[in-house]
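Examination of the molecular architecture
Each chain is listed here by its residues.
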Amino acid sequence: MLLAATCGAGASRTEGSTAPPEVAPSRHADPARRAPGRDAAGTDDTILEWALRRYELAGLAVPPVAVDTHDDRSGCDGHVAVFIPADPVPEIHLCFDADAPELLRQRVVLHEVAHAWTHAHLTDDERSEFVRMRGLEHWRGPARWFEQGTEHAAEIIAWGLLETDVGVLTVAPNDPVGLRDAFRFLTGVEPVCRPPGG
């Protein structure tokens with residue numbers, strides 16, 4: 001595809017996978033909430049579809065993941081979203097306020113899907129190398145949120161897939177060259193194109 005080639009996409013860690021992403025309600029989901037359109041929490045199914053297209057544009061195969069939305073943040077332990085590395089299928093829970101801005105929704109969904117992607121595609125050695133590369137001590141563990149490798153990886157992948165360059169303010173270092181290098185290390189491809197001026 002010309003657009004992917006122009007954006008610098010190349011062989012990724014998931015190259016050769018042609019299966020479409022499988023997204024289904026989690027085992028805790030209310031099936032009525034998966035109807036197309038906006039649910040009670042204001043989560044638009046089109047944002048999830050948009051996020052999956054961004055992964056596809058980059059050549060990153062999204063593993064099976066269960067997605068559930070909630071009316072309030074109690075379903076996400078007080079956060080706007082949470083990833084649960086459950087077996088056999090990881091879960092993403094989204095708890096957006098009804099008036100959450102579109103860019104926040106996009107960034108959070110990309111971030112949570114990145115957790116599922118790294119859970120499925122990175123080896124323990126790659127996780128350890130990434131932690132070392134970022135100057136951290138833990139992939140996931142007793143560190144604060146912004147000191148965990150898993151959160152750095154999710155933030156960086158979300159940054160590399162967004163259509164608008166908003167920077168990464170939640171993890172450091174976050175200079176553009178370092179972010180691009182980290183994105184390439186994690187995924188094996190360049191960040192996807194952003195529209196002119198983005």
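Attention here is on the structure that accompanies the text. All chains use their own residue numbering, which begins from 1 and follows the written sequence. Local features in this predicted model are restricted to residues of pLDDT 70 or higher, and side-chain atom pairs are both shown and tallied only at a pLDDT of 80 or more, whereas totals for entire chains, interfaces and linings draw on every residue. For side-chain calculations, the full set of non-hydrogen atoms in the structure is used, while hydrogens and water are omitted.

Attention now moves to helix 6 (residues 176-187). Secondary structure elements are defined from DSSP: runs of H or I of at least 4 residues count as helices, runs of E of at least 2 residues count as strands, and each element is numbered from the N terminus. Here the expected span of a helix is defined as 1.5 Å times the quantity of residues minus one. With 12 residues, helix 6 extends 16 Å between its outermost C-alpha atoms, agreeing within 8% with the 16 Å of an ideal straight helix rising 1.5 Å per residue. Every buried residue of helix 6 is accounted for by Leu179, Ala182, Phe183, Leu186 and Thr187. Angularly, the buried residues of helix 6 cover 110 degrees about the axis, an arc narrow enough to put them on a single face. Looking at the buried side of helix 6, the elements it contacts are helix 3 (102-121), helix 4 (124-133) and helix 5 (149-161). Just beyond helix 6, the residue with positive phi is Gly188, at close to 85 degrees. To sort residues, take the accessible area from a 1.4 Å probe on protein chains only and compare it with the maximum for the residue type: under 20% means buried, over 50% means exposed, and anything in between is partly exposed. As used here, the arc belongs to the directions running from the helix axis to the C-beta atoms. The contact criterion used throughout is that any non-hydrogen atoms of two residues lie within 4.5 Å.

The subject of this paragraph is the packing of helix 4 against helix 6. Across the interface, helix 4 lies against helix 6 with an axial gap of 11 Å and an inter-helix angle of 170 degrees. Accordingly, the angle class assigned to the pair helix 4 and helix 6 is roughly antiparallel. Taking contact as the criterion, the partners of Glu126, Glu129, Phe130 and Met133 in helix 4 are, on helix 6, Asp181, Ala182, Phe185 and Leu186. Per-class residue counts for the contact of helix 4 with helix 6 are 5 nonpolar, no polar and 3 charged. Here an axis means a line fitted to C-alpha atoms, over the contact stretch when the element is a helix, while the angle between two N-to-C directions is reported on a 0 to 180 degree scale. By the definition adopted for this analysis, an angle is roughly parallel if under 35 degrees, roughly antiparallel if over 145, roughly perpendicular if from 65 to 115, and oblique otherwise. The classification used treats Ala, Val, Leu, Ile, Met, Phe, Trp, Tyr, Cys and Pro as nonpolar, Asp, Glu, Lys and Arg as charged, and all other residues, Gly among them, as polar.

The subject of this paragraph is the pattern of salt bridges. Each salt bridge in this description consists of a side-chain nitrogen of Lys or Arg and a carboxyl oxygen of Asp or Glu lying within 4 Å of one another. Evaluated as defined, the whole model comprises 9 salt bridges. The shortest N-O distance in the salt bridge between Arg73 and Asp97 comes to 3.3 Å. With a gap of 24 residues between them, Arg73 in the loop between strand 2 (65-69) and strand 3 (81-84) and Asp97 in the loop between strand 4 (91-94) and helix 3 connect regions that are remote in the sequence. Note on Asp97: relative accessible area 37%, which makes it partly exposed. Here the residues in one salt-bridge network are Arg180, Asp181, Arg184 and Glu190, joined through shared partners.

Here the focus is the pairing of strand 4. In strand 4, alternate side chains face the same way, and those of Glu91 and His93 on one face and Ile92 and Leu94 on the other are all buried. Of the strand pairs in this sheet, strand 2 and strand 4 are connected by 4 bridges, and their pairing is parallel. Opposite Thr69, over in strand 4, you have Leu94 as the bridge partner. For two strands to be treated as a pair, DSSP must find no fewer than two bridges joining them. The loop that links strand 3 with its antiparallel partner strand 4 comprises 6 residues.

Moving on: the state of the cysteines. Only a pair of cysteine sulfur atoms within 2.5 Å qualifies as a disulfide here. The final tally for this structure, using the stated rule, is 1 disulfide. Residue pairing for Cys76: its cysteine sulfur links by disulfide to Cys95, the two sulfurs lying 2.0 Å apart. Here the disulfide of Cys76 and Cys95 is right-handed, its torsion about the S-S bond being about 85 degrees. Of this pair, Cys76 sits in the loop between strand 2 and strand 3 while Cys95 sits in the loop between strand 4 and helix 3, and the two are 19 residues apart along the sequence. The exposure class of Cys76 is buried, given its relative accessible area of 0%.

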